[in-house]
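In case you want the letters, here they are:
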Amino acid sequence: MSGYQPKKRKLTAEINVVPYIDVMLVLLIIFMVTAPFVTQGVDVELPEMSNTKSAQAMAGEDPNATFIIVEIDKDGNLGLSVDNQEVRRPMSMQEMITNVKAELSIKPNSPVAVGGDASTPYAEIVLVLDELSRAGVSKVGLLTDLKE
């Protein structure tokens, strides 16, 4: 027995990844099936446009009040109109805020309306509303057409 040597086995450590791939594919299928049922927001019922206030109702009883309209086109350019005068455009956000505050210093009860083109991104309108709010403008409305 002295001449007998046991065979040397080479030790190899391998991980069988096939079961892990199967589990990942099953999870992927589960997530793909359940994804359409996850709601991404809340239901919002918007008001009808036929029930909007007129410019006179927003101005209240003050006969000296002017109506200030801030317009935003689809490219984000700003314009300003006071009492249905021709729209002055283009202007920067700071120029628009300065002009609105100047008009409100003369006639403080004047309402301000923000109107956007139908293809204006919602973020642009929210930005203008936020800047007007930060500037201390309290009466701000959204400009819409009346429903026929």
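It should be emphasised that the depicted structure is a prediction, and the values quoted were computed from it without experimental measurement.

Rules used in this analysis
- Residues numbered from 1 in each chain as written.
- Predicted model: local features only at pLDDT ≥ 70, side-chain atom pairs only at ≥ 80, totals over all residues.
- Heavy atoms only, no water.
- Helix = DSSP H or I, 4+ residues; strand = E, 2+ residues; numbered from the N terminus.
- Buried < 20%, exposed > 50% of the residue type's maximum accessible area, 1.4 Å probe, protein only.
- Contact = heavy atoms within 4.5 Å.
- pLDDT = per-residue confidence, 0-100.
- Salt bridge = Lys/Arg side-chain N within 4 Å of Asp/Glu carboxyl O.
- Pairing = 2+ DSSP bridges.
- Axes fitted to C-alpha atoms, helices over the stretch in contact; angles between N-to-C directions.

Trainee: Would you explain the side chain of Ser-81 in this entry?
Mentor: With respect to the helices and strands, Ser-81 occurs in strand 2 (residues 78-82). With a relative accessible area of 3%, Ser-81 lands in the buried category. Apart from the residues within four sequence positions on either side, Ser-81 is in contact with Phe-67, Ile-68, Ile-69 and Val-87.

Trainee: What's the story with the confidence of the model for the chain in this structure? I'm lost.
Mentor: Low-pLDDT portions of the prediction should not be read for the details of their coordinates. Mean pLDDT over the chain works out to 76, with 75% of the residues at or above the 70 mark. The weakest mean pLDDT in the chain belongs to helix 2 (residues 55-59) at 54; the strongest belongs to helix 1 (residues 18-34) at 94. In the predicted structure, residues 41-48 sits below a pLDDT of 50 and forms 1 contact with residues beyond four places in sequence or in another chain.

Trainee: I keep staring at the pattern of salt bridges and nothing clicks. Help me out?
Mentor: Close approach of charged atoms allows side chains of opposite charge to pair. According to the stated counting rule, one finds 2 salt bridges in the structure shown. With a shortest N-O distance of 3.1 Å, Arg-134 and Asp-130 are connected by a salt bridge. On the criterion of helical spacing, the pair formed by Arg-134 and Asp-130 is a turn pair, its members being 4 residues apart in helix 4 (residues 122-134). Arg-134 gets classed as exposed once you look at its relative accessible area, which sits at 63%. What makes Asp-130 partly exposed here is its relative accessible area of 33%.

Trainee: Can you walk me through the sheet that holds strand 5 (residues 140-142) in this structure?
Mentor: Sheets are built from strands paired through backbone hydrogen bonds, the pairs being either parallel or antiparallel. Taken together, the 5 strands give an open sheet; going across it, the order is 3-2-1-4-5, and neighbouring strands pair in mixed fashion. Of all strands in the sheet, those with a lone pairing partner are strand 3 (88-91) and strand 5, marking the two edges. Taking the axes of each pair of neighbouring strands and ignoring which way they run, one obtains an average angle of 25° across the sheet. Its contacts with the sheet put helix 4 on strand 1 (68-72), strand 2, strand 4 (112-116) and strand 5, and the angle it makes with strand 4 is roughly 165°.

Trainee: Honestly, the pairing of strand 2 in this entry has me stumped. Any pointers?
Mentor: Taking burial as the measure, the 5 residues of strand 2 include 5 buried ones, the bulk of the element. In strand 2, alternate side chains face the same way, and those of Leu-78, Leu-80 and Val-82 on one face and Gly-79 and Ser-81 on the other are all buried. Relative to strand 2, strand 1 runs antiparallel, the two sharing 5 bridges. Within the sheet, the bridge partner assigned to Ile-68 lies in strand 2 and is Val-82. The turn joining strand 1 and strand 2, which pair antiparallel and follow one another in sequence, is formed by 5 residues; a positive phi near 90° is taken by Gly-76. Summarising the sheet, strand 2 and strand 3 pair through 2 bridges and their orientation is antiparallel. Bridging from a neighbouring strand, Leu-78 pairs with Met-91 of strand 3.

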